[in-house]
Amino acid sequence: MTTLLWLQTGSCGGDTMSILCADSPSLEELIDEYSIEMLWQPSLSIEPTSRLDTLIEAIIADQQALDILCIEGSIITGPNGSGMYDPYRGRSKMSLVGELVEKAEYVVALGTCASYGGVHAAPPNPTDCLGLQFDKQSPGGLLPIEWRSRKGLPVINISGCPAHPNAMTKTLAMLASGLPLELDHLNRPKAFFNSTVHQGCTRNEYHEYDVEDTEFGDKGCMFFNLGCQGPVTMAICNTELWNGRSSKTRAGVPCFGCTSPDFPLDQDLFLTEKIGTIPLHLPLGVERANYMAYKSLAHEAAPDRVLNKTMDP
Amino acid sequence: MTRRTIQIDLNRVEGDLDFQLELEDNKVVDARCIGSLYRGFEQILMSRKPKDSLVITPRICGTAQLNAAVLALEHIGRIPVPPTAIRIRNLCLMAETVQSDLRQSFMFFTADFCHSKYVDRPFYEKARAAFLPFKGSVHRGALEHSRHIVEIIALFGGQWPHSSYMLPGGVTTPASSRHIIDSLSILNKLTRWFEQAIIGTDLDAWLAIQSADEFFTWLTAKDTHADSAIGLFTLMSRDIGLHNTGFGTPHMISYGAYDDPDDAGTFPPHRKHLFKAGFLNGDTGDIEPFEQAEITEHVRYSWFQPYQGGSPSVSGTNHP
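The model shown is predicted, which means the values in this text are computed figures rather than measured ones.

## Examining the overall build of chain A
Part 1 of the reasoning: In terms of helices and strands, chain A carries 10 helices and 13 strands.
Part 2 of the reasoning: Its C-alpha atoms put chain A at 70 × 45 × 30 Å along the principal axes.
Part 3 of the reasoning: By element, 51% of the accessible surface of chain A is carried by carbon and sulfur atoms, the whole surface being about 11,400 Å².

## With respect to the sheet that holds strand β9 (residues 278-280) of chain B
Part 1 of the reasoning: The sheet built from three strands is open, its strands ordered β6-β9-β10 (chain B) with antiparallel pairing. Two strands in the sheet have a free side with no partner beyond their single neighbour: β6 (252-254) and β10 (287-288) of chain B.

## A look at the pattern of salt bridges
Residue and element names in this part refer to chain B.
Part 1 of the reasoning: As enumerated under the stated definition, the model contains 31 salt bridges over all chains in all.
Part 2 of the reasoning: Between E24 and R3 there is a salt bridge, with the nearest N and O atoms lying 2.3 Å from each other. Of the two residues, E24 is situated in strand β2 (residues 18-24) and R3 in strand β1 (residues 3-9); the sequence distance between them amounts to 21 residues.
Part 3 of the reasoning: What makes E24 partly exposed here is its relative accessible area of 24%.

## As for the packing of aromatic side chains
Residues and elements named next belong to chain B.
Part 1 of the reasoning: If you walk through the whole model with that rule in mind, you get 21 aromatic pairs over all chains.
Part 2 of the reasoning: Seen in terms of ring centroids, Y118 and F123 are 6.0 Å apart; in terms of plane orientation they differ by 55 degrees. Their pairing is tilted. Each member of the pair Y118 and F123 is classed as buried.
Part 3 of the reasoning: A ring pair is formed by W206 and F215, whose centres lie 6.1 Å apart and whose planes are at 85 degrees; its orientation type is edge-to-face.
Part 4 of the reasoning: One aromatic cluster is present, built from ring pairs that chain together F106, F109, F113, Y118, F123, F131 and F233.

## Considering empty space enclosed by the protein
Part 1 of the reasoning: All chains considered together, the criterion is met by six cavities of 30 Å³ or more.
Part 2 of the reasoning: Its boundaries defined by the atoms lining it, the largest cavity holds a volume of some 130 Å³.
Part 3 of the reasoning: Around the largest cavity sit 16 residues that line it, and C237(A), K248(A), C255(A), F256(A) and Q159(B) are the ones nearest its centre.
Part 4 of the reasoning: Residues of the lining of the largest cavity, tallied by class, amount to eight nonpolar, six polar and two charged.

## A few points about the pairing of strand β3 (residues 66-72) of chain A
Residues and elements named next belong to chain A.
Part 1 of the reasoning: Counting buried positions along β3 gives six out of seven residues, so the element sits mostly inside the fold.
Part 2 of the reasoning: Relative to β3, strand β1 (residues 2-8) runs parallel, the two sharing five bridges. Within the sheet, the bridge partner assigned to W6 lies in β3 and is C70.
Part 3 of the reasoning: Alignment of β3 against strand β7 (residues 104-110), held across six bridges, turns out to be parallel. Pairing of L69 across the sheet is with V107, part of β7.

## As for unusual backbone geometry
All names here are of chain A.
Part 1 of the reasoning: Along the chain, S24 connects to P25 via a cis peptide bond; the corresponding omega equals -5 degrees.
Part 2 of the reasoning: Mapped onto the secondary structure, P25 falls in the loop between α1 (14-19) and α2 (27-32).
Part 3 of the reasoning: Geometrically, the link from F263 to P264 is a cis peptide bond, its omega value of -5 degrees lying close to zero.
Part 4 of the reasoning: Considering the arrangement of structural elements, one finds P264 in the loop between α8 (204-208) and β12 (274-275).
Part 5 of the reasoning: Even without a glycine there, the phi angle at N80 is positive, about 55 degrees.
Part 6 of the reasoning: Inspection of the secondary structure puts N80 in the loop between β4 (75-76) and β5 (87-88).
Part 7 of the reasoning: Exposure remark for N80: the relative accessible area of 78% places this residue in the exposed category.

## Comments concerning the domain arrangement of chain B
Part 1 of the reasoning: Each assigned domain of chain B is listed with its residue range as follows: domain 1 (3-37) and domain 2 (51-197).
Part 2 of the reasoning: For domain 1 of chain B and domain 2 of chain B, the distance between their C-alpha centres works out to 29 Å.

## Some points on the interface of chain B and chain A
When the parts come together, some accessible area is lost, and that loss is often what is quoted as the size of the interface.
Part 1 of the reasoning: On the chain A side, the residues contacting the 62 residues of chain B number 61 residues.
Part 2 of the reasoning: Here chain B meets chain A over a buried area of about 5,100 Å², counting both sides, of which 59% is carbon and sulfur.
Part 3 of the reasoning: Area buried by chain B at its contact with chain A is led by R59(B), F134(B) and R147(B), which between them contribute 12% of it.
Part 4 of the reasoning: Where chain B packs against chain A, one counts five salt bridges.
Part 5 of the reasoning: Linking D182(B) and R245(A) is a salt bridge whose minimum nitrogen-to-oxygen distance equals 3.8 Å.
Part 6 of the reasoning: Taken together, the elements giving at least two residues each to the side of chain B that touches chain A come down to α1 (41-45), α2 (53-56), α4 (83-109), α6 (137-149), α7 (151-157) and α8 (177-198) of chain B.
Part 7 of the reasoning: Of the residues contributing to the side of chain B that touches chain A, the split by class is 30 nonpolar, 15 polar and 17 charged.

## Brief notes about the confidence of the model for chain B
Part 1 of the reasoning: Put simply, chain B has an average pLDDT of 91, and 97% of its residues get 70 or more.
Part 2 of the reasoning: Both scores are available for the predicted complex, with the pTM at 0.95 and the ipTM at 0.95.

## Thoughts on the environment of Q308(B)
Part 1 of the reasoning: One can find Q308(B) in the segment after β10.
Part 2 of the reasoning: The exposure class of Q308(B) is exposed, given its relative accessible area of 74%.

## Considering α8(B)
Turn by turn, an α-helix covers 3.6 residues, leaving residues three or four places apart pointing in a common direction.
Residues and elements named next belong to chain B.
Part 1 of the reasoning: For α8, which comprises 22 residues, the first-to-last C-alpha distance of 30 Å matches the rise-based estimate of 32 Å (1.5 Å per residue) to within 8%.
Part 2 of the reasoning: Taken residue by residue, α8 has H179, S183, I186, L190, T191, W193, E195, A197 and I198 as its buried positions.
Part 3 of the reasoning: Check the buried side of α8 and you find it contacts α4, α6, α7, α9 (203-207) and α12 (229-239).
Part 4 of the reasoning: One or two positions beyond α8, positive phi appears at G200, with a value near 60 degrees.

## Section: the sheet that holds β2(B)
To summarise the sheet geometry, strands pair through backbone hydrogen bonds and adopt either a parallel or an antiparallel arrangement.
Residue and element names in this part refer to chain B.
Part 1 of the reasoning: Pairing within the open sheet is antiparallel, and its three strands lie in the order β1-β2-β3. Two strands in the sheet have a free side with no partner beyond their single neighbour: β1 and β3 (27-34). Ignoring strand direction, the axes of neighbouring strands in this sheet form an average angle of 20 degrees.
Part 2 of the reasoning: The pairing of β2 with β3 spans seven bridges and is antiparallel.

## Quick look at the packing of helix α5 (residues 124-131) of chain B against α6(B)
Residues and elements named next belong to chain B.
Part 1 of the reasoning: Across the interface, α5 lies against α6 with an axial gap of 3 Å and an inter-helix angle of 25 degrees. Compared by their axis directions, α5 and α6 come out roughly parallel. Contacts between α5 and α6 pair A129, A130 and F131 from the former with S137, V138 and H139 from the latter.
Part 2 of the reasoning: Of the residues in the contact of α5 with α6, the class split is four nonpolar, two polar and no charged.

Reading guide: rules and limits
- Residues numbered from 1 in each chain as written.
- Chains lettered and ligands numbered in written order.
- Predicted model: local features only at pLDDT ≥ 70, side-chain atom pairs only at ≥ 80, totals over all residues.
- Heavy atoms only, no water.
- Helix = DSSP H or I, 4+ residues; strand = E, 2+ residues; numbered from the N terminus.
- Areas by Shrake-Rupley, 256 points an atom, 1.4 Å probe, with all protein chains shown as cover.
- Pairing = 2+ DSSP bridges.
- Salt bridge = Lys/Arg side-chain N within 4 Å of Asp/Glu carboxyl O.
- Buried < 20%, exposed > 50% of the residue type's maximum accessible area, 1.4 Å probe, protein only.
- Phe/Tyr/Trp six-rings, centres within 6.5 Å; stacked < 30°, edge-to-face > 60°.
- 1 Å grid on protein atoms, 1.4 Å probe; cavity = no way out; pocket = protein on both sides within 12 Å on 5 of 7 lines; lining within 4 Å.
- Points joined across faces, edges and corners; volume = space filled by probe spheres on them.
- Nonpolar A, V, L, I, M, F, W, Y, C, P; charged D, E, K, R; others polar.
- Domains from an automatic or database assignment.
- Contact = heavy atoms within 4.5 Å.
- Buried area = accessible area lost by both parts, 1.4 Å probe.
- pLDDT = per-residue confidence, 0-100.
- Expected span 1.5 Å × (residues − 1).
- Axes fitted to C-alpha atoms, helices over the stretch in contact; angles between N-to-C directions.
- Parallel < 35°, antiparallel > 145°, perpendicular 65-115°, else oblique.

Below, the structure written as structure tokens:
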């Protein structure tokens, strides 16, 4: 039996809505097959909120074991460090989370808000919020970067806005079954964050031959002009499809880089920033001169079927 | 005269919401709902590009306010939308509504029938068999099938929740033959389950019910009707007297829903809706025109700093 407590802080509830869509494994499977006992989940628990208070007391008093603490939402510290823009029974959620993390074997940040601050931390960050162990890209959030949970891991960041449903349930399944979890430099499980959104996008052939859309609602690549951050964003969106069906880029919506610590970027999200005619942000690790040479050769090599955009993405 | 305040916490709501009741001599004299979380979306949106609102605004809530954001931009920019785009938007919005209806009813609401205080009611065992979270057949069915219906939104929008496929002027994905047949397949499968588990009859027979009397006749006509999720929901609610409890005002308002694609040529907010806006006068039973201007908002009922005028439609700056 693996006990799990789920708390929402400065949250929209999107990661809860997302995990309800998980199918591999599903939430039901986590309970039936992985013996996860959901002590409390704000959208699902049948008991009244007084049950949550009893649970918290018991956990703090070391009378209730807490294997996995899941936090959904930005950690709100305002106003003036009090955290009272996000209160719970007269105290700040921030202080409650601070106490509970010390009692959990594992702490999991569900979504970009709990991982790095997310959308609520976009300028001017009216509530002075941040992530559990990061403040955007800066190490250290509510907890210092050196902090470790009882099992010796830092906060596990399943970023995404919302986090991918199956990235969440697979991670929880791995923790419940004691499978090893390797983390990247941003403390995200490598299994779900070691490839780019660009991998698997059905517009790839347009990208390859430099057939770049200038307007939305078309079939080609959106990287050059329409703000797509697929080539610079680590996530499984195009290799483990959303809702078993699709992804933003397949549906003609640019990737907004929502798994990255700096999401949302402080710029036009639907337009590619350029230096002259060249995107400011190139695919991860690519050098500018090489990239431009490759692109002009690619365009020269483009077959008609690609130039004519006859293929549906 | 005794006056006291009762605090009511709710779980299984989307968001943070508390209720307070003021009682005088055990009679409710005032009630307020309280949103206790502040995140500052208005400040975050200031100085951003208009289309960024299609990404930021939906993060108010996990189920997305994308439609409101795009209509606002089309209203401001006088941007026309083709009828097909309205149909695609409606398809996705309707799929989202079905998801919400299933989860709201059979995961968030009916779970309460399993409460131990009802252990002596005749329905208790059936309630637990149907509605117990993760164990009850209807709870599990609603969870599974609410996942499937939003696949329609994924076809046109890439994912659910949080996609941004509605842009000023239309949608990002056309209605290809594949998407249409896929959507029909999803809808047909959901309908078969809905008929079997939720209404216990076929959809045409269900839609033919036109009055409360006809509904109650239908309910007791067959076991499959009474044992359907809607049957159990009705019988259990009435058994504990929910139909006699908690009436506040008899009046209702609606802003309407689903833009009429045949009225695509009219800009929001005056475009006609498929589900009409209106004010239901609970005293007369008449449906009167809906007048948004008659809804008053005042800053004193918020956590924001007071300002001249006090009404956000005149001039609002939302500083806590």
